[in-house]
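# Structural overview for review
In case you want the letters, here they are:
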Amino acid sequence: MQTTKKASLILDDGTVFVGKSFGYEKPVAGEVVFNTAMMGYPESLTDPSYSGQILVTTYPLIGNYGVPRREEVNGLSRFYESEKIHVEALVVSDYSFEYSHWNAAKSLADWLKEEEIVGIYDIDTRELTKRLREHGSMKGKIVIEGGDDIEFVDPNLTNLVAKVSCKEVIRYGNGDKKVVLVDCGVKHNIIRCLLKRNVTVIRVPWDYDFNTLEYDGLFISNGPGDPDMCGITVDHIRQAMNGTKPIFGICMGNQLLSKAGGARTYKLKYGHRSHNQPVRQVGTNRCFITSQNHGFAVDNSTLGADWEPLFINMNDGTNEGIRHKSKPYFSAQFHPEAASGPTDTEFLFDEFVKLL
Amino acid sequence: MNQEEIKKIKKVLLLGSGALKIGEAGEFDYSGSQALKALKEEGITTVLINPNIATVQTSEGVADKIYFLPVTPYFVERVIQKEQPDGILLAFGGQTALNCGVQLYQAGTLEKYNVKVLGTPVQAIMDTEDRELFVKKLDEIDVKTIKSEAVNSIEDAVQAAAELGYPIIIRAAYALGGLGSGFCDNEEELRLKAEKALSFSPQILVEKSLKGWKEIEYEVVRDRYDNCITVCNMENFDPLGIHTGESIVVAPSQTLTNSEYHKLRELAIRIIRHIGIVGECNVQYAFDPKSEDYRVIEVNARLSRSSALASKATGYPLAFVAAKLGLGYGLFDLKNSVTKETSAFFEPALDYIVCKIPRWDLGKFQGVDRELGSSMKSVGEVMAIGRTFEEAIQKGLRMIGQGMHGFVENKELVIPNIDKSLHEPTDKRIFVISKAMRAGYTVDQIHELTKIDCWFLQKLMNIVRTAHDLEELDESITRAENPQEYYDLMRRAKIQGFSDFQIARAIWKEKMEDCHMQWVRQFRKSLGIVPVVKQIDTLAAEYPAQTNYLYLTYSGIANDVKYLGDHKSIVVLGSGAYRIGSSVEFDWCGVQALNTIRKEGYRSVMINYNPETVSTDYDMCDRLYFDELTFERVMDILELENPHGVILSTGGQIPNNLATRLDEQHVSILGTTADSIDHAEDRHKFSSMLDSLGIDQPRWRELTSLADIYDFVKEVGYPVLVRPSYVLSGAAMNVCSNNAELEQFLQLAANVSKKHPVVVSEFIQHAKEIEMDAVARNGEIIIYAISEHIEFAGVHSGDATIQFPPQKLYVETVRRIKKVAGQIAQALNISGPFNIQFLAKNNDIKVIECNLRASRSFPFVSKVLKINFIELATKVMMGLPVEKPGKNEFDLDYVGIKASQFSFSRLQKADPVLGVDMASTGEVGCLGLDTSEAILKAMLSVGYQIPKKNILLSTGSAKQKADMLEAAQLLHEKGYSLFATGGTHQFLTDNGIPAVKVYWPSESDHEPQALEMLHNKQIDLVVNIPKNLTQKELDNGYKIRRAAIDFNIPLITNARLASAFIEAFCSLNIDDIQIKSWDEYK
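Residues numbered from 1 in each chain as written. Chains lettered and ligands numbered in written order. Predicted model: local features only at pLDDT ≥ 70, side-chain atom pairs only at ≥ 80, totals over all residues. Heavy atoms only, no water.

Moving on, we come to helix α7 (residues 131-140) of chain B. All names here are of chain B. When we look at burial in α7, the residues that qualify are R131, F134, V135, K137 and L138. Each buried residue of α7 lies within a common arc of 160 degrees when the element is viewed along its axis, so the set occupies one face. What points out from α7, more than 90 degrees from its buried face, is the exposed set E132 and K136. Summarising the contacts, the buried residues of α7 are in contact with α6 (122-129), β6 (148-151), β9 (204-208), α10 (258-275) and β14 (294-300). At the N-terminal end of α7, a side-chain oxygen is found 2.9 Å from the backbone nitrogen of E132, two or three residues along, and the residue is D130. Once α7 ends, the next one or two residues include D142, with phi positive near 55 degrees. (Buried < 20%, exposed > 50% of the residue type's maximum accessible area, 1.4 Å probe, protein only. Helix = DSSP H or I, 4+ residues; strand = E, 2+ residues; numbered from the N terminus. Arc of directions from axis to C-beta. Contact = heavy atoms within 4.5 Å. Polar contact = N/O pair within 3.5 Å; in protein donor to acceptor, adjacent residues only side chain to side chain.)

The structure is reproduced here in structure tokens:
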């Protein structure tokens, strides 16, 4: 059996969960959120939308299939969703010290240590999840036995998008049509999904004034934290909406497009983070299982007269996407690019590319 | 529009799956019951055809009309004629119902009577069932299937195999759970297996074998609006090559990455859409362990064993939802049955792992092939829930109930060749892995031999490591000054699913006694190591759920539920894994007890772990603990639950065996006391009680030496019934007719000694066997049912054909039985259900056995008599007033026959002969105006057919030949052609009955050969009565019997049953059979 140090997860309501460390050993603080997906930990850990967060997996057995090797193809990670792990820490119930998979290069523990990310196991993640569900997402910190303490932090008070966005313009592919991708913390699979449809992707930083560029369509990516931090991006989108070029947004992109259209966003009690969120296309009998990762949502009732909800969450009725009534603008709160999660809604990329 | 269409459907016919058999068991009682519930909610009148009288679905109030009739096109058509239903559901009764439905469709019957198939269209079913159509269909959407050739002859099969290259696998088309399929490494094997497969089906499929690939399944749901979800995926622990029904299975998959999981999920949805399923189906994949390559193995366009497992594993009621979708609902119209708030259009998120383990009973069959392969042999299964794989599998290995305590700390297995036993899997392989790990095999070595994914093996190795650490301890731990230093190890062991027993055995080793287990329990509790109760809520705690579906785990710090401590709950212990001797009938008993408890204003609590059951449907009770029925776990639950009391008597032998130990812990056992139970269970105590009451019993003695055995045999004479306390292999008891047989059988017993005594009883021949099922209160019988066996004593009561009410008992016999039963009830002060088995010869009554619990025949007699014995018994146990029912069995104007279903066709090489050990896997119960009508329905229900022309007779000893003379005469008069082996032929000729003489396999130079006639399908019914147990007779008889089974020709091996069946079909035509629903028998 492994010899591991004790590690405590302390919530800002004073609750302490004691477990053991299996990752990098350092004190860490962030917003504690849970995800109910049953697989896909390499994808989740590298999803920039988790920036600033301590991720709790409700599925207890983690690490089973190890971690694939780091490999880049045309400037994009082959198996990860970005260049690095973005979560502040990972909290699990039963970590698998040994792993087995043909495509694995190392264990999850080794990867966490390499990237200096904290991981703890032997936590009753169900009890923890119930607490987060009842109280809403909470600030939390992890302290390793014999190590230093740390202050609580609220990552939503900082501009996380600025932290994870690219710093300069990057071009991918050489399709006929050009899509400007506003990087609020984009997952690589979004870029892969666009490239697969033979477009050129011009990835720009979150605050870049893309209106100066020539393009056929605008894409606004996912990203971490509070959309209210991205006022500049919203201004740029609003400016773009003076024209008629197609706009497609995902997750944070949905929120920013909504804001540009005049709607408001609010923080959900504990967010949607899972692979099994049901959404219904408004006015149809078409339903989809979606992958989600968001803590904020668009307030349907604040949508402007030109806008309507495109998708609604079938569990809690929250907004899952909007569309403009006359112009080719639409967005999804969920992740049509999946990775990780179900691929039911990848067709939205087709619809976007068709509009270009 | 949708709602209107739904409203048009007023009456729906549902086909059940008939008797439980290997490959088709209790899961279809669960799925059928769920479907009926879904229809009932809509105000639809439901008609059910299912001869399986022991099921919950055939209970009062579940369906509006119930027909205990064979699920065959002939009878279904007649029911349709009579009932005129608007719609029919084919997907809830397994392969039996599906095949029957396809035949009705193809014959135009459904169209003729304007019956609409609800749910998946029949064309879609045929597209999945016919291999060639299936491959073509999936080719259309570029989905890879296993390259396979459909052939109709052996020669074509050989040719196809040569092209594909060995090893290959062959399958029979349209077959239940892989019947008639197998792997072939060479042409010789292929020829043998192809011949057999062709006897089940006109078409066989030859495929390239993908042995060693992972096997993954998805349960997929689609509504008519094309919305799809995958409710659950599952991964087989055993790689491809072992039928999924024979595999240990986990859910969700453990070794798939996100991209692999979703690749297969997306394919599953693409397939279900293209085929056009409306409702539920199951997609099975072979998946390359070294890439993302895959093949679709098959699609089951119906509810299946896997879907029942998936429902229990996730809390998502697949059958219920599928029935609603069949009516025309969209998934978005339905609510999640657990949360009641969120949508049914979602995919469950599990925050635990489940592990299914099959239960085999191969030890019950003489000569059976123990190797596992592509055809199913297991008779039941368990599902264990945990938050580590180690916990789930160790729980599961205890649950299968074959004396194992988990993965380690079991009785040492004797495995002569570990490599071979790893490579060629049998029912014991998981324990061979344990042994190999102990013997120093590495994970990689075991992986090489088994192809089991290393992840599973690594986890198992964790268990072995912990066992080693525990074994470092010794009894000095009881004097430890600082117990806290053992905290980590004890907690780790419990998180890995070690029971208190296993820990005690690791510490005390051979010296371990029961009290040490108690010590471990106290010790770990003093360290604060106790399990917590978690809910199964379908959404991994994301939404609040008022779910009552629970399990216990050591990976946790808090309970999900609150305990009121008001003593207003009553705990019912379930019956565990289905096995030979204990199956759906105890599920029925458990459910009736739960219903009664609820009705009387108490909260009902069930503990059980069998995913095939209705009692483990969380709707059936106020709290369901899907967990072990070990003393340890039951005590864990009782300590939390603090109930009014516990009911042990409706779950068969497993709960009964806990009586004494629970009583020692001052648990309030409702009904008959533990002391009384002990007096009935303990052979010596029971015997001396009978002696003191002056009740007769067959003479018996417990003996410890061969000399003593011979002395006793001298006293009582042969034959004798011999029950060693421990046997190495084969049957646990046997009848011996002479010294040679006795010695031969005792050789199988490890040894005869003081430690391992042998019980020898006088065996009374040509005696009637009679059963009494009854309920008593404070020793007074409230209600009873006396039934008689058609066969003479010597056929296990679970295999016998039972007639109720009895038609051929002397009044005197009945009177004596009532008197004796009354005396026993009083002496044991019975309060609750009980069963006594009697022998009757002339009017002498002897008691063979008494069980102070419900018996297998409780649902049968309750339904025939229309008095719910368990409801009465439960009320008695709860101390509520009950009235003696005014009616008794002698008022009935009809007869019930319970007949047994055998699954010998799946048990390769097993001798299909009946004896003192039970061999049947299921039963039916049919009603008729007289014995003949009832027996004909019952025999047709368990797969017999009225023979067309040729009947082969070998009718055993002189006495048996004489017994069958009248039947032979009837056959002759009815125009049947009789074929008979030597002695039987002589006897028939002597008595003026013409017959063609055929020759035994040992008379190989004579023609015609009986075996050849069977091969050529020239025989429609085989009656083969074993004369005695001499080796040659067995060889000859065995070959004939086995050939009958392998070529799917009806076989009867008992003279009394054969006579009754022959009399029935000679005196009645099939059209004479009345189509009457249960409620029409008054």
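Moving on, we come to the packing of aromatic side chains. Scanning the model with the defined rule gives 41 aromatic pairs over all chains in all. Arranged with centres 4.9 Å apart and planes meeting at 70 degrees, the rings of F1061(B) and F1065(B) form a pair that is edge-to-face. On the criterion of helical spacing, the pair formed by F1061(B) and F1065(B) is a turn pair, its members being four residues apart in helix α38 (residues 1055-1067). The class for F1061(B) is buried, based on a relative accessible area of 0%. Through successive ring pairs, a cluster of aromatic residues spans F219(A), F248(A), F330(A), F349(A) and F352(A). The ring of Y294(B) has K144(B) lying over it, and the distance from NZ or CZ to the ring centre is 5.7 Å. One residue, K211(B), lies across the ring of F183(B), its end atom 4.6 Å from the ring centre. (Phe/Tyr/Trp six-rings, centres within 6.5 Å; stacked < 30°, edge-to-face > 60°. Lys NZ or Arg CZ within 6 Å of the ring centre and 35° of its normal.)

A few words on the sheet that holds strand β13 (residues 138-144) of chain A. Residues and elements named next belong to chain A. The mixed closed barrel is built from seven strands, whose spatial order is β1-β2-β12-β9-β4-β3-β13. Sheet twist, expressed as the average angle between the axes of neighbouring strands with direction ignored, equals 35 degrees. Bridge analysis of strand β1 (residues 6-11) against strand β2 (residues 16-21) gives five bridges, and the strand direction is antiparallel. Across the sheet, residue I10 finds its bridge partner in β2, namely V16. (Pairing = 2+ DSSP bridges. Axes fitted to C-alpha atoms, helices over the stretch in contact; angles between N-to-C directions.)

Looking along a regular strand, one sees the side chains alternate between the two faces of the sheet. Residue and element names in this part refer to chain A. Counting buried positions along strand β16 (residues 199-205) gives seven out of seven residues, so the element sits mostly inside the fold. Of the two faces of β16, the one lined by V199, V201, R203 and P205 and the one lined by T200, I202 and V204 are each fully buried. Where strand β14 (residues 170-172) meets β16, three bridges bridge the pair, whose relative direction is antiparallel. Across the sheet, residue I170 finds its bridge partner in β16, namely R203. Sheet topology note: the strand β15 (residues 177-183)/β16 ladder contains seven bridges and is parallel. Looking at β16, one finds that V180 is bridged to I202. In this region the chain leaves β15, passes through helix α5 (residues 188-196) and returns to the parallel neighbour β16; the handedness of that crossover is right-handed. (Right-handed = clockwise from strand over helix to strand, strands pointing away.)

All names here are of chain B. Contact pair helix α16 (residues 443-450) / helix α17 (residues 454-471): the axes reach a minimum separation of 10 Å and the direction vectors enclose 135 degrees. One way to sum up the angle between α16 and α17 is to call them oblique. The chirality of how α16 crosses α17 is right-handed. Contacts from V443, D444, I446, H447 and T450 in α16 reach C454, L457, Q458 and M461 in α17. Of the residues in the contact of α16 with α17, the class split is five nonpolar, three polar and one charged. (Parallel < 35°, antiparallel > 145°, perpendicular 65-115°, else oblique. Left-handed = near helix turned anticlockwise from the far one by under 90°. Nonpolar A, V, L, I, M, F, W, Y, C, P; charged D, E, K, R; others polar.)

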